[in-house]
Amino acid sequence: MNAMEVGLPATVPAEGLPARVRVHEVGARDGLQNEKTVVPAQVKAEFIRRLAGTGLTTIEATSFVHPKWVPQLADAEELFPAVADLPVDLPVLVPNERGLERALALGARRVAVFASATESFAKANLNRTVDESLAMFEPVVARAKNAGGLHVRGYLSMCFGDPWEGDVPVGQVVRVCRALLDMGCDELSLGDTIGVATPGHVSALLTALDGAGVPVERLGVHFHDTYGQALSNTLTALRHGVRTVDASAGGLGGCPFAKSATGNLATEDLVWMLRGLGIDTGIDLGRLVATSVWMAAHLGRPSPSRTVRALSHQES
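Quick caveat: nothing in here was measured; it's all calculated off a predicted structure.

A. The overall build of the protein chain, seen in detail. Per the secondary structure count, the protein chain includes 12 helices and 9 strands. Against the globule reference of 20 Å for 316 residues, the protein chain gives a C-alpha radius of gyration of 18 Å, in line with a compact fold. Based on the C-alpha atoms only, the size of the protein chain along its principal axes is roughly 55 × 45 × 35 Å. For the protein chain, buried positions account for 55% of its 316 residues. Restricting to contacts in the protein chain with at least 6 residues of sequence separation, those with at least 24 account for 75%. Carbon and sulfur atoms form 53% of the exposed surface of the protein chain, whose accessible area is close to 12,600 Å². Counting 28 positive and 34 negative side-chain charges, the protein chain places the centres of these two groups 3 Å from one another.

In structure tokens, the structure reads:
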């Protein structure tokens, strides 16, 4: 008998937290893009279908980047039509106007651009300066909004630390956030790409963004668990009014352009915490765990999520 079967975790609400959180599931894209071997499109499609069956409402499907850069996602044209009928939001990443054209041709309704708060990562990821990358995204966002009002998310990497530059000044992050909102992004995801954020740093950034007129309702957070801080950072963000949290089923993922980045916050670990706090996500934790166990079997290794291991008795 596992913990869920005996009614755990106990529900003990805390003051100052939202009644509901939207989980932005990134396992099928951010989780699988860093795999050494390519996962077949039919397996990815089944993964997304199983995720949709857990109650998740936003599942990032793929990325329309050039296959040279992320070969694991070279099957976007095959994958997206295989899941487009699902009654969930299926955002896709588009690095430039060509990527947007490919996404539009398949009927995508939600797209994302991915920027950097630091010059070093902008150069490594996009081969551009920060300002050059923003200039590249401007026509992409404008065209997406003009093409039937697509929802555009702006990812911002290296918000809390950079492997080449070290600490990232809060004001530097705020500047790029404002630029992404001003060009028309509907939502921003603040990325702790190498997992070095701590709660005080998260609080300082969110306070600074509020002072710069960035509505907290338009912010999501994306924490990596490199130093075991992802849940504490998430709780801090929720206390500041954030209502959208990125997470990856089974804790899959990292970043192919930042070798020190380890896995994303596991969706199961997040849901376990939120469940204990009485915060609704609409997600069936048992079905989610079963989905991650299924994917772990395809990848040939156990899930790194502690909740998955505890509820499924996986061994390392």
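B. Examining the pattern of salt bridges more closely. Tallied over the entire structure, the rule returns 17 salt bridges. Here Arg110 ties to Asp89 by a salt bridge, and the two come within 3.6 Å at their closest N and O atoms. You can see Arg110 sitting in strand E5 (residues 110-116) and its partner Asp89 sitting in the loop between helix H3 (76-83) and strand E4 (92-93), a full 21 residues away along the chain. Linking Arg178 and Asp182 is a salt bridge whose minimum nitrogen-to-oxygen distance equals 2.8 Å. Residue Arg178 and its partner Asp182 are both found in helix H7 (residues 170-182); the two are separated by 4 residues, about one turn of the helix.

C. The packing of aromatic side chains, seen in detail. One pass over the full model with this rule turns up 2 aromatic pairs. When the centroid spacing of 6.1 Å and the interplanar angle of 40 degrees are considered together, the rings of Phe160 and Phe223 count as tilted. Here the residue Phe160 occupies a position in the loop between strand E6 (151-157) and H7, and Phe223 occupies one in strand E8 (residues 219-223), the gap between them amounting to 63 residues. This pair shows no difference in class: Phe160 is buried, exactly as Phe223 is. When the ring centre of Tyr155 is taken as origin, the NZ or CZ atom of Arg29, which lies over that ring, is 5.6 Å away. Of note, Arg153 hangs over the ring of Tyr155, and the distance from its end group to the ring centre comes to 5.0 Å.

D. How the structure looks around helix H6 (residues 130-146). For H6, with 17 residues, the first-to-last C-alpha span of 24 Å sits near the 24 Å given by 1.5 Å per residue. Residues Val130, Ser133, Leu134, Met136, Phe137, Val140, Val141 and Ala144 constitute the buried set of H6. Elements in contact with the buried residues of H6: helix H4 (97-105), E5, helix H5 (119-126), E6 and H7. Following H6 by one or two positions, Gly148 adopts a phi angle in the positive range, close to 85 degrees.

E. Inspection of the state of the cysteines at higher detail. With the rule as written, the count across this model stands at 0 disulfides. Distance from the sulfur of Cys177, which forms no disulfide, to the nearest cysteine sulfur (Cys159) is 5.6 Å. Since its relative accessible area comes to 0%, Cys177 is described here as buried. Sulfur of Cys185: no disulfide; nearest cysteine sulfur belongs to Cys177 and is 9.9 Å away. Given a relative accessible area of 0%, Cys185 falls into the buried group.

F. Region of the structure containing the packing of H6 against H7. Taken N-terminus to C-terminus, the directions of H6 and H7 make an angle of 15 degrees; their axes are 11 Å apart at the nearest point. By the angle between their axes, H6 is roughly parallel relative to H7. Relative to H7, the crossing made by H6 is right-handed. Facing Val130, Asp131 and Leu134 of H6, the residues of H7 in contact are Arg175, Val176, Ala179 and Leu180. Across the contact of H6 with H7, the residue classes tally to 5 nonpolar, no polar and 2 charged.

What counts and how
- Each chain has its residues counted from 1, following the order in which its sequence is written.
- With pLDDT at 70 or above as the cut-off, local features in this predicted model cover only qualifying residues; side-chain atom pairs require 80 or more to be listed or tallied, and sums for whole chains, interfaces and linings still use all residues.
- The side-chain quantities take in all heavy atoms of the structure and omit both hydrogens and water.
- We count a stretch as a helix when DSSP gives it H or I for four or more residues in a row; a strand needs E for two or more, and each element gets its number in order from the N terminus.
- Atoms counted for the radius of gyration: C-alpha only. Globule rule: 2.2 Å times the number of residues to the power 0.38.
- For every residue, the accessible area (1.4 Å probe, protein chains only) is compared with the maximum for its type, and the residue is labelled buried under 20%, exposed over 50%, or partly exposed between those bounds.
- Two residues qualify as a contact provided that any one of their heavy atoms is within 4.5 Å of a heavy atom in the partner residue.
- Computed with a 1.4 Å probe, the accessible areas rest on the Shrake-Rupley method; for each residue, only the protein chains presented here act as cover.
- A positive count includes Lys and Arg, and a negative count includes Asp and Glu. His and the chain ends are not counted in either.
- Note that the charge is assigned to NZ on lysines, CZ on arginines, CG on aspartates and CD on glutamates.
- The salt bridge definition used is simple: a Lys or Arg side-chain nitrogen within 4 Å of an Asp or Glu carboxyl oxygen.
- Side-chain rings of Phe, Tyr and Trp, where Trp is taken by its six-membered ring, are said to pair if the distance between their centres is within 6.5 Å; with planes under 30 degrees apart they count as stacked, over 60 as edge-to-face, and otherwise as tilted.
- Here, a charge over a ring means that NZ of Lys or CZ of Arg falls within 6 Å of the ring centre while also lying within 35 degrees of the ring normal.
- One fewer than the residue count of a helix, multiplied by 1.5 Å, yields its expected span.
- Any pair of cysteine sulfurs within 2.5 Å is marked as a disulfide.
- To obtain an axis, a line is fitted to C-alpha atoms, over the contacting stretch when the element is a helix, and the angle between two such axes runs from 0 to 180 degrees between their N-to-C directions.
- Orientation categories follow fixed angle ranges, with anything under 35 degrees roughly parallel, anything over 145 roughly antiparallel, 65 to 115 roughly perpendicular, and all other angles oblique.
- Definitions for this section: a left-handed crossing has its near helix turned counterclockwise from the far helix by less than a right angle. A right-handed crossing has that turn clockwise.
- Gly is put with the polar residues, along with every residue not named as nonpolar or charged; the nonpolar set is Ala, Val, Leu, Ile, Met, Phe, Trp, Tyr, Cys and Pro, and the charged set is Asp, Glu, Lys and Arg.

Honestly, that's just the spatial picture; any functional story needs more than this.
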